[in-house]
Amino acid sequence: MKDVTSVMVEEHKLILRMIELVEKNTRLAETGLFNDWAFYIDAVDFIRNYADRFHHAKEEDILFKSLVENGMPAENSPVAAMLMAHDQGRAYVRNMEAAARKALVGEADQISIVAENAYGYVALLRDHIDKENNILYPLAERVLPEAMRPAMVEGYARAEEKAPGAGERYRRMVERYETKQAA
Ligand SMILES: [Fe+2]
Ligand SMILES: [Fe+2]
């Protein structure tokens, strides 16, 4: 059987590294030890283009769709719960970005708004990734028939072609901020 989830588990690893940076930098920002607001703009770029366009797009357009085609209900189901979390995540990110942009141009009192949405996103995505890695993906590997899988793998490749170099570019972004933090 062709594997259709381990590529996603790998992408989760990079997303979790960015989430950890968001959490650590926000803790420092709350105590006044971090004020690189541009980091949040980069984190939003990462989340929109890597977590959402690159990763969630594969889930929403291919993996989840295949599960529904294979008989999982679209409503009140694990897939519906995962889609709802993707949307909740997008709302946190919009609010975090708006506050970070204000902070960037010198507006006061944005830290608590950045922090509220940053922590909200971190908690949501950790829980979400945990559910996908440990429940939904193993379920997908159990139930999806071999006949559906080659088209899915092709679909992933096409999705990646739409974002050429994204994997590499965002891995370097995460590494750059991890190095800064270690310094
Ligand atoms: Fe997801
Ligand atoms: Fe995911």
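What counts as what
- Residues numbered from 1 in each chain as written.
- Chains lettered and ligands numbered in written order.
- Predicted model: local features only at pLDDT ≥ 70, side-chain atom pairs only at ≥ 80, totals over all residues.
- Heavy atoms only, no water.
- Helix = DSSP H or I, 4+ residues; strand = E, 2+ residues; numbered from the N terminus.
- Polar contact = N/O pair within 3.5 Å; in protein donor to acceptor, adjacent residues only side chain to side chain.
- Contact = heavy atoms within 4.5 Å.
- Axes fitted to C-alpha atoms, helices over the stretch in contact; angles between N-to-C directions.
- Parallel < 35°, antiparallel > 145°, perpendicular 65-115°, else oblique.
- Left-handed = near helix turned anticlockwise from the far one by under 90°.
- Expected span 1.5 Å × (residues − 1).
- Core = buried A, V, L, I, M, F, W, Y, C linked by side-chain atoms within 4.5 Å.
- Buried < 20%, exposed > 50% of the residue type's maximum accessible area, 1.4 Å probe, protein only.

Things to note about the side chain of Glu59
In step 1: Note on placement: Glu59 falls in helix α2 (residues 37-69).
In step 2: A distance of 2.9 Å separates a polar atom in the side chain of Glu59 from a polar atom in the side chain of His55.
In step 3: With sequence-adjacent residues up to four places away left out, Glu59 is seen in contact with Met8, His12, Phe64, Lys65, His86, His128, Glu132 and Tyr137.

Description of the packing of α2 against helix α5 (residues 149-161)
In step 1: Between α2 and α5, the least distance of the axes is 10 Å, while the angle of their chain directions is 155°. Here α2 lies roughly antiparallel to α5, going by the angle between them. The two elements α2 and α5 cross, and the hand of that crossing is right-handed. Where α2 abuts α5, its residues Phe54, Lys58, Ile62, Leu63 and Ser66 lie against Met152, Gly155, Tyr156, Ala159 and Glu160.

What about helix α3 (residues 78-104)?
In step 1: With 27 residues, α3 should cover 39 Å at 1.5 Å per step; its first-to-last C-alpha distance of 39 Å lies within 8% of that length.
In step 2: Residues of α3 that are buried in the fold lie against α2 and α4 (111-143).
In step 3: Of the residues flanking the end of α3, it is Gly106, one or two places downstream, whose phi is positive at about 95°.

A short note on the nonpolar core
In step 1: Ranked by size, the top nonpolar core spans 37 residues in total, and within it Ile15, Met18, Phe39, Tyr40 and Phe46 carry the most contacts.
In step 2: Where this core is concerned, the elements lending two or more residues are α1 (6-30), α2, α3, α4 and α6 (166-182).
In step 3: The leading source of residues in this core is α2, at eleven residues.
In step 4: When near neighbours in sequence (up to four residues on either side) are disregarded, Ile15 contacts Phe46, Tyr50, Ala51, His55, Leu125 and Ile129.

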